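# An overview of the molecular structure
If you want the building blocks of each chain, they are given just below.
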Amino acid sequence: MKLSFYGAAREVTGSCHGVEVGGYRLLIDCGLVQGSEEKNGQDFPFDPSQIDAVIVTHAHIDHTGRLPLLLRQGFRGKVYATAVTMKLMDIMLKDSASIQEQDTEWKNRKGRRAGETPAEPLYTVEDAQKVMELVVPCRYGKTYTLAPGVKFRFRDAGHLLGSASVELWLTEGDLTKKVVFSGDIGNSGLPIIKDPQPADTADIVVMEGTYGDRSHEKAPDYAQALAEVIDRTLGQGGNVIIPSFAVGRTQEILYYLREIKERRLVKSRPDFPVYVDSPLGIAATGVFQGDLDEYLDEEALALLQSGRQYLTFEGLYFTQTTEDSKRLNTDPAPKVILSSSGMCDAGRVRHHLKHNLWRKECAVVFVGFQARGTLGRILLDRAAEYVTLFGERVAVRCAIYSFPGLSSHADREGLIRWLSAISPKPEKVFLVHCEAEACEAFSRTLREMGYNTLAPNYTAVYDLYSGKMLLEGLDRSQRRPARTRKDAIYQRLLAAGTRLLDVIARSYGGPNKDLQAFTEEILALADRWDRKE
């Protein structure tokens with residue numbers, strides 16, 4: 001009876017945990033590795049053909065994105081998820097596969113000119129479609145038996161529509177252990193979805209700690225606050241650009257925009273148009289408007305039962321085609337545009353930024369976390385007077401706003417509240433889905449509260465029978481070595497970039513003359529090495 005950690009160990013992507021009992025092997029999640037580890041981090045440290053089943057906590061790609069790869073490498077078992085997660089997975093996995101195919105086609109086009117061997121995509125749209133043939137839709141609160149000695153039940157995690165925590169009962173011989181996997185724990189008070197529903201008992205807990213080292217700001221009246229930004233910007237003839245993740249965040253913002261319209265909070269242009277410019281976001285919004293009695297919170301459900309829509313309103317438009325998207329930037333009428341990606345590193349939002357960043361009358365509104373090194377973070381920190389988009393230097397002159405309290409992850413207090421509902425205290429709490437620093441900080445907090453905690457390494461193995469670690473696993477310096485000399489050199493370049501960001505951070509408060517010289521040197525270096533297609 002073993003518990004293994006195959007992903008999201010001291011990092012926040014690639015969620016994948018293994019359970020073995022009586023010869024039966026299953027995974028909890030099978031997510032895509034993202035960020036600096038993305039290129040060399042997708043391999044499995046196990047044989048996919050030996051996995052009997054996968055339980056999925058929610059549809060986000062960092063929890064589901066390697067399922068097509070798992071199937072491609074031999075997995076033939078069943079995948080268990082809530083019905084809504086199944087629908088969102090269908091959209092997101094096909095979108096991810098399409099991106100894999102397009103990226104590979106682009107690389108091979110360039111590679112042919114250099115005489116390189118053609119690459120293959122990580123997986124294809126066909127692989128994604130085959131995964132969906134294996135999915136078994138499940139309900140919250142119902143217990144399912146996977147094999148003798150293996151049962152599970154879903155509880156609403158409150159993170160995304162259809163998201164779940166997993167209660168898993170394992171029996172081997174005369175020993176039964178209850179292991180609870182938190183999935184991603186939601187932030188209480190979010191629109192549309194219910195608040196997290198914690199488990200009441202557990203022997204072992206595997207829980208996320210994304211924001212275990214910080215607290216969210218006290219939630220304001222988001223509709224009123226957002227309306228003030230929109231009113232001010234549209235009133236001076238500008239556009240409001242909202243970079244937004246296509247699944248979850250886009251729908252939450254639509255909920256607030258509907259409320260703004262109903263309360264008539266925008267005075268300058270009460271009939272202002274709103275455009276959702278994201279094919280994935282449009283498809284996901286369709287799922288959010290289906291038969292959702294089991295998933296919606298009381299307010300959203302009451303709206304539907306009264307015959308009203310909670311995500312649609314007069315003046316809402318969806319742009320499917322590239323041509324429709326381009327027309328938004330030639331239309332002079334002030335408008336609100338929601339577009340992905342949420343961190344501005346890809347997608348149609350980059351085109352909208354190119355056309356609006358330089359205009360003082362416009363505004364960019366961030367509604368989610370912006371990771372260090374992303375374009376979103378650079379803009380949010382006002383770290384550059386100019387950015388390069390599609391080979392052009394674009395001045396950053398528009399207003400920039402942030403609403404950090406709209407995070408879909410629970411903060412430190414929310415995580416503690418979720419764990420404290422489990423009584424008596426579990427034997428062990430494993431912290432995953434958090435960077436090393438956040439893991440250590442949250443682990444210290446929980447130890448002070450009397451919990452036995454550990455932030456496991458990648459490939460660590462814990463024996464549920466004896467309560468001992470069988471394998472300590474690999475730390476970040478040992479794992480996922482680069483496969484070629486070229487990759488190793490690129491990893492050095494990434495490390496150099498990280499060091500540069502650290503030097504920039506330490507330069508705060510320095511003499512203006514030095515800061516100006518430093519800035520010019522960096523811009524000159526970037527201009528020299530910027531690779532344009």
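What you see is a predicted model, and the numbers here were worked out from it, not measured in a lab. (Residues numbered from 1 in each chain as written. Predicted model: local features only at pLDDT ≥ 70, side-chain atom pairs only at ≥ 80, totals over all residues. Heavy atoms only, no water.)

## What about the overall build of the protein chain?
A tally of regular secondary structure across the protein chain gives 15 helices and 23 strands. In terms of overall dimensions, the protein chain is globule-like: its C-alpha atoms have a radius of gyration of 24 Å, near the 24 Å expected for 533 residues. Considered along the principal axes of its C-alpha atoms, the protein chain spans approximately 70 × 65 × 50 Å. For the protein chain, the proportion of its 533 residues judged to be buried stands at 52%. (Helix = DSSP H or I, 4+ residues; strand = E, 2+ residues; numbered from the N terminus. Rg over C-alpha atoms; globule rule 2.2 N^0.38 Å. Buried < 20%, exposed > 50% of the residue type's maximum accessible area, 1.4 Å probe, protein only.)

## Examining the sheet that holds strand S6 (residues 135-138)
Taken in spatial order, the 8 strands of this open sheet run S6-S5-S4-S3-S2-S1-S22-S23, and their pairing is mixed. Each edge of the sheet is formed by a strand with only one pairing partner; in this case those strands are S6 and strand S23 (468-471). Pairs of neighbouring strands in the sheet enclose a mean axial angle of 25 degrees, with direction left out of account. The pairing of strand S1 (residues 2-7) with strand S2 (residues 16-21) spans 5 bridges and is antiparallel. Note on S2: the bridge partner recorded for Ser 4 is Gly 18. Its contacts with the sheet place helix H3 (residues 83-113) against strand S5 (78-82) and S6, and it is angled at close to 110 degrees to S5. (Pairing = 2+ DSSP bridges. Axes fitted to C-alpha atoms, helices over the stretch in contact; angles between N-to-C directions. Contact = heavy atoms within 4.5 Å.)

## A look at the packing of aromatic side chains
Given two aromatic rings, one states the distance between the centres and the angle between the planes to describe the pair. The full count for this structure, using the stated rule, is 13 aromatic pairs. Relative to Phe 152, the ring of Tyr 144 has its centre 5.4 Å away and its plane inclined at 20 degrees; by these criteria the two rings are stacked. Take Tyr 144 and Phe 152: they sit in the same class, and that class is buried. Centroid distance Tyr 275 to Tyr 317: 5.2 Å. Interplanar angle 25 degrees. Geometry classified as stacked. Separated by 42 residues along the polypeptide, Tyr 275 in strand S13 (residues 274-277) and Tyr 317 in strand S14 (residues 316-318) bring together distant segments of the chain. Using a relative accessible area of 42% as the deciding quantity, one classes Tyr 317 as partly exposed. Among the aromatic side chains, those forming a connected cluster through ring pairs are Tyr 222, Tyr 255, Tyr 256, Tyr 310 and Phe 403. Seen from the ring of Phe 272, Lys 261 lies directly overhead, with NZ or CZ sitting 4.2 Å from the centre. The ring of Tyr 386 has Arg 393 sitting right over it, with the charged end atom 4.3 Å from the ring centre. (Phe/Tyr/Trp six-rings, centres within 6.5 Å; stacked < 30°, edge-to-face > 60°. Lys NZ or Arg CZ within 6 Å of the ring centre and 35° of its normal.)

## Observations concerning the side chain of His 352
With respect to the helices, strands and loops of the structure, His 352 is situated in helix H10 (residues 349-356). Beyond its immediate sequence surroundings of up to four residues, His 352 is in contact with Ile 241, Asp 277, Ser 325, Leu 328, Asn 329, Ile 337 and Ser 339.

## Some thoughts on the state of the cysteines
Applying the stated criterion to the full structure yields 1 disulfide. A sulfur-sulfur separation of 2.0 Å characterises the disulfide bridge that pairs Cys 434 with Cys 439. Between Cys 434 and Cys 439 the disulfide shows an S-S torsion of about 90 degrees. By sign, it is right-handed. For the pair Cys 434 and Cys 439, a shared accessibility class is recorded, and that class is buried. With no disulfide of its own, Cys 30 lies 4.7 Å from the sulfur of Cys 16, the closest cysteine sulfur. You can call Cys 30 buried: its relative accessible area is 0%. In this structure Cys 138 is a free cysteine whose sulfur lies 17 Å from that of Cys 30, the closest cysteine sulfur available. (Disulfide = S-S within 2.5 Å.)

## Here's the deal with the sheet that holds strand S21 (residues 453-454)
Across the sheet, which stays open at both edges, the 7 strands sit in the order S7-S8-S9-S10-S11-S20-S21 with mixed pairing between neighbours. Single-partner strands in this sheet number two, and they are strand S7 (143-147) and S21. Looking at chain direction, S7 and strand S8 (residues 150-156) are connected through 4 bridges and run antiparallel. Looking across to S8, one finds that Thr 143 is bridged to Arg 153. Most of the contacts of helix H12 (residues 412-420) go to strand S11 (residues 204-208), to which it runs at about 160 degrees, and overall it touches strand S9 (164-172), strand S10 (175-181), S11 and strand S20 (428-432).

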